[in-house]
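As a plain string of letters, each chain reads:
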Amino acid sequence: MMAVVGREVRLVARPHGLPGEDVFEVAEVPVPSPGEGEVLIRNAFLSVDPYMRGRMNDRRSYVPPFALGEPMTGGAVGRVAESHDPRWPEGSWVLHQLGWREWALSDGRGLLPVDPSVAPVSTALGVLGMPGFTAWYGLTELGRPEEGETVFVSGAAGAVGSVAGQVARLLGCRVIGSAGSPDKVDWLRELGFDEAFSYRERPVHESLRELAPDGIDVYFDNVGGDQLEAAIGAMRRNGRIVACGAISQYNATAPPSGPHNLFMVVTKRLTMRGYIISDHVDRIGDFVTAMGPWVAEGKVRYRETIVDGIESAPQAFIGLLTGENTGKMLVRVGPSD
Ligand code: NDP
């Protein structure tokens, strides 16, 4: 029998610094009935992403802020439970952006099909979804590493970083990754990173000096701050910096103090390119063509940190910002097979 009540997560206050659970509310709402041309989706997995922290601020950015009292929108995967649109039959799996709710009503706009025979449906939010695409595009299009070059990836045990590092290995590069714990460092070695270190144990510039004595050619930056400063210091002439994210600053309550060595961009003839992956949807086909076989053949491996129950979504989000995830952070809110 179809449930009559579902739950959704709303933002009810704007955080200052690291969000607490008090800025979220888990509310009960009636399960909507789909009208003509609409489908009702039973969500299985909600995506927990760093960019959502920026949307909690009431500030103009590349995506609008979350509205207070409204459910948090964002990536989710679910199964069509009731359909009045022949394009989306009941039982089919879909990816959508309607976010953190157990049930979602869609008029079909923005829905994408997910094929459960290719890989577990959760991967549509991770290695075969937006984070994997971000890694592949940023590394191959902006970093453009050549065989034999040295690539440094920060945030390397996360959803984006773990893929960026493995793709760099597949391209024949020597890859160094940084992460926040010994367990994550061990996992990076299992993935085939040539070198991995914890940025919490000693200054990053010291680790880079030891592990990349001849310098680095490409820096895939997920973190910003002192890791960016250390990478600039270690870059070789004509190096490329892929500016993907700056998670060390997302909870900052004061402007960041560095990097202090930006003039080296001039003296070392560096290129630093930022990007927002949603600008490049025209390349999704190329991404799937490259990444699908790599994942199927085990050449790109992935992990997911799955937290159960929609009531756990706020804690999962705080955990993402404090390093509790290895690989992709997800919340399971419904049946996934
Ligand atoms: P992750 O899976 O990497 O999760 C976030 C990780 O960030 C945590 O696990 C934690 O790992 C690390 N972290 C948190 N605080 C700090 C800190 N102060 N210093 C260093 N590391 C920290 O998230 P994603 O893979 O989804 O995202 C990675 C980056 O990519 C983010 O910056 C994100 O904003 C960016 N991004 C950019 C996109 C674009 O279009 N440009 C699209 C998608 C993501 P640890 O234990 O190692 O500290």
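It should be emphasised that the depicted structure is a prediction, and the values quoted were computed from it without experimental measurement. (Residues numbered from 1 in each chain as written. Predicted model: local features only at pLDDT ≥ 70, side-chain atom pairs only at ≥ 80, totals over all residues. Heavy atoms only, no water.)

Further remarks concern the sheet that holds strand β8 (residues 150-153). Pairing is parallel in the open sheet, where six strands are placed in the order β10-β9-β8-β11-β12-β13. Each end of this open sheet is capped by a strand with a single partner; those strands are β10 (195-198) and β13 (271-274). Strand-to-strand twist across the sheet, computed as the mean angle between neighbouring axes with direction ignored, equals 15°. With four bridges joining them, strand β9 (residues 174-179) and β10 adopt parallel strand pairing. Along β10, the bridge assignment pairs A179 with S198. The strands touched by helix α4 (residues 182-191) within the sheet are β9 and β10, with β10 carrying the most contacts at an inclination of about 170°. (Pairing = 2+ DSSP bridges. Helix = DSSP H or I, 4+ residues; strand = E, 2+ residues; numbered from the N terminus. Axes fitted to C-alpha atoms, helices over the stretch in contact; angles between N-to-C directions. Contact = heavy atoms within 4.5 Å.)

Turning our eyes to something else, we now look at the domain arrangement of the protein chain. Where the parts come together, the accessible area they lose is often given as the size of the interface. Here the protein chain is described as being made up of domain 1 (5-126 + 302-332) and domain 2 (130-278). With centres defined by C-alpha atoms, the gap from domain 1 to domain 2 works out at 29 Å. The interface is formed by 21 residues belonging to domain 1 together with 15 residues belonging to domain 2. Between domain 1 and domain 2 the total buried area reaches about 1,400 Å² when both faces are included, carbon and sulfur atoms providing 60% of it. Where domain 1 touches domain 2, the interface holds one salt bridge. Taken together, domain 1 and domain 2 are joined by five residue pairs in polar contact (both at pLDDT 80 or more). (Domains from an automatic or database assignment. Buried area = accessible area lost by both parts, 1.4 Å probe. Salt bridge = Lys/Arg side-chain N within 4 Å of Asp/Glu carboxyl O. Polar contact = N/O pair within 3.5 Å; in protein donor to acceptor, adjacent residues only side chain to side chain.)

Turning next to the pattern of salt bridges. The full count for this structure, using the stated rule, is 19 salt bridges. Between E102 and R7 there is a salt bridge, with the nearest N and O atoms lying 3.0 Å from each other. Of this pair, E102 sits in the loop between β5 (93-96) and β6 (103-106) while R7 sits in strand β1 (residues 5-11); the two residues are 95 residues apart in sequence, bridging distant segments of the chain. For E102, a relative accessible area of 9% puts it in the buried group. With a relative accessible area of 27%, R7 lands in the partly exposed category. One salt bridge connects R10 with E8, and the closest N-O pair in it is separated by 2.8 Å. (Buried < 20%, exposed > 50% of the residue type's maximum accessible area, 1.4 Å probe, protein only.)

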